[in-house]
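Results of the structural survey
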Amino acid sequence: MKNSDLSNGDVPSPVKKKTSFASDVLTLVGGTTFAQVVTILASPILTRLYTPEEFGAWALLISITTIVGIIACMRYEFSIMLPESDEEAINLLGLSLSIVLIITSISILPIYFFKNEIALMLNSPQLGDYLWMIPIFIFVNGTFQALNYWNSRTKHFKRLSFAQVSRSLSTTGTQILSGLIRYPLSGGLIVGSLVGYIVSTLTLGGQIWRDDKNFILSNLHPQKFVQGLKRYKKFPLIDTWSALLNSISWQLP
């Protein structure tokens, strides 16, 4: 084994899958397609369990979390793909997850102090009972983004495909079950989406931890987060604003 394949403690770098481009595309397309089919098949059932107003409140909350979630890592997740060494990349993953935790913590403050005002401003009073879920959405979504780029770096696309399928199944399953038992207001749709995000993130994160745990524990050093923070500072300074404005242009209406 080459020295470049070893890191601290002679722990080998994560094994990168040797597959063709066509195989990778088919793997991702297959998982995405199956997830979309599940959603389409569930739509006639969901439209009979929930009212248009409940769908509207659900879509409103998802729009809010999408706008904030796009910058949950301050775009540092893109830097995970760039370094030549996996040791530097794993510390960029750690940096991204740390930023997600900070952004999530910041988002708690306006929700806690201005929950009712935000609900009234959005002309959706019933949404006030579920605004507390926004920080959880941001944390889970940001974590998934960071893990996704590490997973793409190691080319384990079956993990991502499986995570997408698990999200679709858990989301629709929870939403249908909640609708059948008549969970209050739009809560069933919102909780179902949150469950889906959590399940897919745990699925992807669990697979990464199972395969790369030794490498992560051996090479993750918080002091190196600062190096990555400075080296790739153009991502938050430049790309964050374009991503945020693009997300707002889609979600704000």
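Our structure's up above, just so we're on the same page.
Computed from a predicted model, the values in this text were never measured in an experiment.

Reading the values: the criteria
Residues numbered from 1 in each chain as written. Predicted model: local features only at pLDDT ≥ 70, side-chain atom pairs only at ≥ 80, totals over all residues. Heavy atoms only, no water. Phe/Tyr/Trp six-rings, centres within 6.5 Å; stacked < 30°, edge-to-face > 60°. Buried < 20%, exposed > 50% of the residue type's maximum accessible area, 1.4 Å probe, protein only. Helix = DSSP H or I, 4+ residues; strand = E, 2+ residues; numbered from the N terminus. Salt bridge = Lys/Arg side-chain N within 4 Å of Asp/Glu carboxyl O. Axes fitted to C-alpha atoms, helices over the stretch in contact; angles between N-to-C directions. Parallel < 35°, antiparallel > 145°, perpendicular 65-115°, else oblique. Contact = heavy atoms within 4.5 Å. Nonpolar A, V, L, I, M, F, W, Y, C, P; charged D, E, K, R; others polar. Polar contact = N/O pair within 3.5 Å; in protein donor to acceptor, adjacent residues only side chain to side chain. Expected span 1.5 Å × (residues − 1). Bend = angle between axes of the 7 residues up to and from the residue. Core = buried A, V, L, I, M, F, W, Y, C linked by side-chain atoms within 4.5 Å.

Focus on the packing of aromatic side chains
For the structure on display, the rule yields eight aromatic pairs. A ring pair is formed by Y50 and F55, whose centres lie 6.2 Å apart and whose planes are at 80°; its orientation type is edge-to-face. The exposure class of Y50 is buried, given its relative accessible area of 4%. Centre to centre, the rings of F78 and Y149 are 5.0 Å apart; their planes meet at 65°, and the pair counts as edge-to-face. Of this pair, F78 sits in the loop between helix 2 (52-69) and helix 3 (86-121) while Y149 sits in helix 4 (residues 134-154), and the two are 71 residues apart along the sequence. By relative accessible area, which is 25% here, F78 ends up partly exposed.

What to know about the pattern of salt bridges
All chains considered together, the criterion is met by seven salt bridges. For R75, the salt bridge is made with D239, and the minimal N-O distance between the two is 2.7 Å. With R75 in the loop between helix 2 and helix 3 and D239 in helix 8 (residues 234-251), this pair connects stretches of sequence that are 164 residues apart. Taking the shortest distance from any N to any O, the salt bridge between D86 and R153 comes out at 2.8 Å. You can see D86 sitting in helix 3 and its partner R153 sitting in helix 4, a full 67 residues away along the chain. For D86, a relative accessible area of 6% gives the class buried. The class of R153 is buried, set by a relative accessible area of 9%.

Side note on the packing of helix 3 against helix 7 (residues 223-231)
In contact at an axis separation of 9 Å, helix 3 and helix 7 are set at 85° when each is read in the N-to-C sense. Our classification of the angle between helix 3 and helix 7 gives roughly perpendicular. Counted together, E87, E88, N91, L92, G94, L95, S98 and I99 of helix 3 and K224, F225, G228, L229 and R231 of helix 7 form the full contact between these two elements. Considering only residue class, the contact of helix 3 with helix 7 consists of five nonpolar, four polar and four charged.

Observations concerning the environment of Q251
For Q251, the position within the fold is in helix 8. Of the residues examined, Q251 reaches a relative accessible area of 25% and is grouped as partly exposed. For the pair Q251 and A59, spaced 192 residues apart in sequence, the C-alpha separation works out to 9.5 Å. Contacts of Q251, omitting those with residues within four sequence positions, involve S63, T66 and I67. There is a polar contact of 3.1 Å between the side chain of Q251 and the side chain of S63.

Some thoughts on helix 3
Taking 1.5 Å of rise per residue, 36 residues should cover 52 Å, yet helix 3 covers just 46 Å from first to last C-alpha, more than 12% shy of that figure. The largest bend in helix 3 amounts to roughly 85° and is located at F114. Note on helix 3: the residue one or two positions beyond its end, N123, has a positive phi of about 55°.

A short note on the nonpolar core
Formed by 44 residues in total, the largest nonpolar core has its most connected members in L61, L93, L131, M133, F137, W150 and I190. No other element matches helix 3, which puts eleven residues into this core. Every residue in contact with L131, bar those within four places of it in the chain, is listed here: I111, K115, I118 and A119. Of all hydrophobic cores here, the second largest spans five residues; its members include A42, L46, L49 and Y50.

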